[in-house]
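# Overview (structure and organization)
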Amino acid sequence: MPRNRKRLHVGPFYKNLGRTIRVTRTAAGRSQMDTAGHLDVTFQQLQKYESGINRIPVDRLVCLAAYLDVPVSHFVTPGGPSDDDSAFLSLIEKFEGKEFKTLVESWTAIKDRAARAAL
């Protein structure tokens, strides 16, 4: 008996999850290559996770959370995104370009907490 299994549509959940992964990785100052190596996947696979094209397995999400030093709940909230999260994601969409990446990379390069606080 043949099985006709359809692939489920990824949907907005995985797009938001991917965006959160990308922003968190960037804010932590981690490159796609380094992060992919830590997860034992190709950087192309990491790009697919970050774009929401592919679903990230739970074990990899747990490993990623530890690598980026955030709780798993940072990526997945039980009640879905809050209004604050939606506002934050909306703001991020405006700054996803090269300027935003440069800003975050520069911010993470400042190791002195007092200097960061002063800025």
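Further up the page is the structure itself.
Read on for a plain summary of the structure. Since the model is a prediction, treat every value here as computed from it, not as a measurement.

Take helix 1 (residues 11-27) next. Along its 17 residues, helix 1 runs 25 Å from first to last C-alpha, staying within 8% of the 24 Å computed at 1.5 Å per residue. Buried within helix 1 are the following residues: Gly11, Leu17, Gly18, Arg19, Thr20, Ile21, Val23, Thr24, Arg25 and Thr26. Where helix 1 ends, the next residue or the one after it, glycine 29, has phi of about 75°, a positive value.

Before going further, it helps to examine unusual backbone geometry. Within the chain, aspartate 40 stands out as a residue other than glycine whose phi angle is a positive 60°. By the element assignment, aspartate 40 lies in the loop between helix 2 (32-39) and helix 3 (43-51). Residue aspartate 69 is not a glycine yet carries a positive backbone phi of 60°. For aspartate 69, the position within the fold is in the loop between helix 4 (58-68) and helix 5 (83-94).

What follows deals with the packing of helix 1 against helix 3. For the pair helix 1 and helix 3, the least separation of the axes is 5 Å and the interaxial angle reads 120°. With respect to helix 3, the axis of helix 1 lies oblique. The segment helix 1 lies against helix 3, with Tyr14, Lys15, Gly18, Arg19, Ile21, Arg22 and Arg25 engaging Leu46, Tyr49, Glu50 and Ser51. Among the residues forming the contact of helix 1 with helix 3, the class breakdown is four nonpolar, two polar and five charged.

Parameters at a glance
- Residues numbered from 1 in each chain as written.
- Predicted model: local features only at pLDDT ≥ 70, side-chain atom pairs only at ≥ 80, totals over all residues.
- Heavy atoms only, no water.
- Helix = DSSP H or I, 4+ residues; strand = E, 2+ residues; numbered from the N terminus.
- Expected span 1.5 Å × (residues − 1).
- Buried < 20%, exposed > 50% of the residue type's maximum accessible area, 1.4 Å probe, protein only.
- Axes fitted to C-alpha atoms, helices over the stretch in contact; angles between N-to-C directions.
- Parallel < 35°, antiparallel > 145°, perpendicular 65-115°, else oblique.
- Contact = heavy atoms within 4.5 Å.
- Nonpolar A, V, L, I, M, F, W, Y, C, P; charged D, E, K, R; others polar.

Keep in mind these values describe shape, not function.
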